[in-house]
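Report on the structure
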Amino acid sequence: AQKITQTQPGMFVQEKEAVTLDCTYDTSDPSYGLFWYKQPSSGEMIFLIYQGSYDQQNATEGRYSLNFQKARKSANLVISASQLGDSAMYFCAMREATIQGAQKLVFGQGTRLTINP
Amino acid sequence: NAGVTQTPKFQVLKTGQSMTLQCAQDMNHNSMYWYRQDPGMGLRLIYYSASEGTTDKGEVPNGYNVSRLNKREFSLRLESAAPSQTSVYFCASSERGRGRLEQYFGPGTRLTVT
């Protein structure tokens, strides 16, 4: 069974610093996708970034980048120049399978990030 | 453009009562999903619908049923609610296929079963 592990329950970072949120995964499927979602205190889930297993380069989306190390099965999220609004829960998720086109996601337990002024 | 909407936002049920959570999307997506999120945990897939007319079980389907009413709407029914079903329920939708097809989530329904 596929599995996602986020080992940092909580992180505290000073504003403007960079932060790395860890995510390791386990799968035997050579084709998979990794997603990061942000969940602010208001509760909604916001898509941040995606990395496909066959993508040659690490994904970047503005201040977000994904440090994808396939051999180590890790897909860490890097947030540069953190802002107070980055305080939230962050979830790593893996596409477990594509069944008739539906993407079944498996989520990690999340990391609560707090940005201090 | 509303995206994914869910009703109700909050609900309190007594053990044994039934209810239906409603979800609708206006993005013309083929695939729709129901998740639950328990405190301190990530989301877990309850049921999904790859396309109109099809539904299938996810990781935690016991105690739930779903209906894909049409392309826009996907409902989740609790026939006999139990305290273990106290959770936040999220509906999501996505395009159908592979690759970077992110799921768009609704605002969630906070359900308490006493």
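Here we summarise the structure given alongside this text. Just so you know, these numbers come straight off a predicted model, no measurement behind them. (Residues numbered from 1 in each chain as written. Chains lettered and ligands numbered in written order. Predicted model: local features only at pLDDT ≥ 70, side-chain atom pairs only at ≥ 80, totals over all residues. Heavy atoms only, no water.)

1. Brief notes about the overall build of chain B
- Within chain B one finds zero helices and eleven strands.
- Taken from the N to the C terminus, the helices and strands of chain B come in the order β-β-β-β-β-β-β-β-β-β-β.
- Taking the principal axes of its C-alpha atoms as reference, chain B extends roughly 40 × 30 × 25 Å.
- Expressed as a percentage of the 114 residues in chain B, the buried residues total 50%.
- The contacts in chain B between residues at least 6 apart in sequence include a share of 55% that link residues at least 24 apart.
- For chain B, the exposed area adds up to about 5,200 Å²; of that, 48% sits on carbon and sulfur atoms.
- In chain B, 13 positive and 9 negative side-chain charges are present, and the distance between their average locations comes to 4 Å. (Helix = DSSP H or I, 4+ residues; strand = E, 2+ residues; numbered from the N terminus. Buried < 20%, exposed > 50% of the residue type's maximum accessible area, 1.4 Å probe, protein only. Contact = heavy atoms within 4.5 Å. Areas by Shrake-Rupley, 256 points an atom, 1.4 Å probe, with all protein chains shown as cover. Lys, Arg positive; Asp, Glu negative; His and termini not counted. Charge placed at Lys NZ, Arg CZ, Asp CG, Glu CD.)

2. Points about the state of the cysteines
- This model, assessed by the stated rule, comprises two disulfides over all chains.
- Across the disulfide, Cys23(A) is cross-linked to Cys92(A) (sulfur-sulfur distance 2.0 Å). For the disulfide bridge between Cys23(A) and Cys92(A), the dihedral angle about the S-S bond is near -65 degrees, and by the sign convention the bridge is left-handed. Of the two residues, Cys23(A) sits in the loop between strand E3 (19-21) and strand E4 (24-26) while Cys92(A) sits in strand E10 (residues 88-99), which places them 69 residues apart along the sequence.
- In this structure Cys23(A) comes out as buried when scored by relative accessible area, which is 0%.
- The disulfide bridge from Cys23(B) ends at Cys91(B), spanning 1.8 Å between sulfur atoms. (Disulfide = S-S within 2.5 Å.)

3. Focus on the interface of chain A and chain B
- Chain A puts 22 residues into the contact, and the matching count from chain B is 24 residues.
- Each partner contributes to the roughly 2,100 Å² buried at the junction of chain A and chain B, and carbon and sulfur atoms together form 53% of this total.
- Summed over the shared surface of chain A and chain B, the result is zero salt bridges.
- Linking chain A to chain B there are four residue pairs in polar contact (both at pLDDT 80 or more).
- Elements with a minimum of two residues in the side of chain A that touches chain B: strand E5 (33-39), strand E6 (46-52), E10 and strand E11 (102-107) of chain A.
- Counting residues per element, the side of chain A that touches chain B draws most heavily on E11(A), at five residues.
- When the residues that make up the side of chain A that touches chain B are grouped by side-chain class, the tally is ten nonpolar, nine polar and three charged. (Buried area = accessible area lost by both parts, 1.4 Å probe. Salt bridge = Lys/Arg side-chain N within 4 Å of Asp/Glu carboxyl O. Polar contact = N/O pair within 3.5 Å; in protein donor to acceptor, adjacent residues only side chain to side chain. Nonpolar A, V, L, I, M, F, W, Y, C, P; charged D, E, K, R; others polar.)

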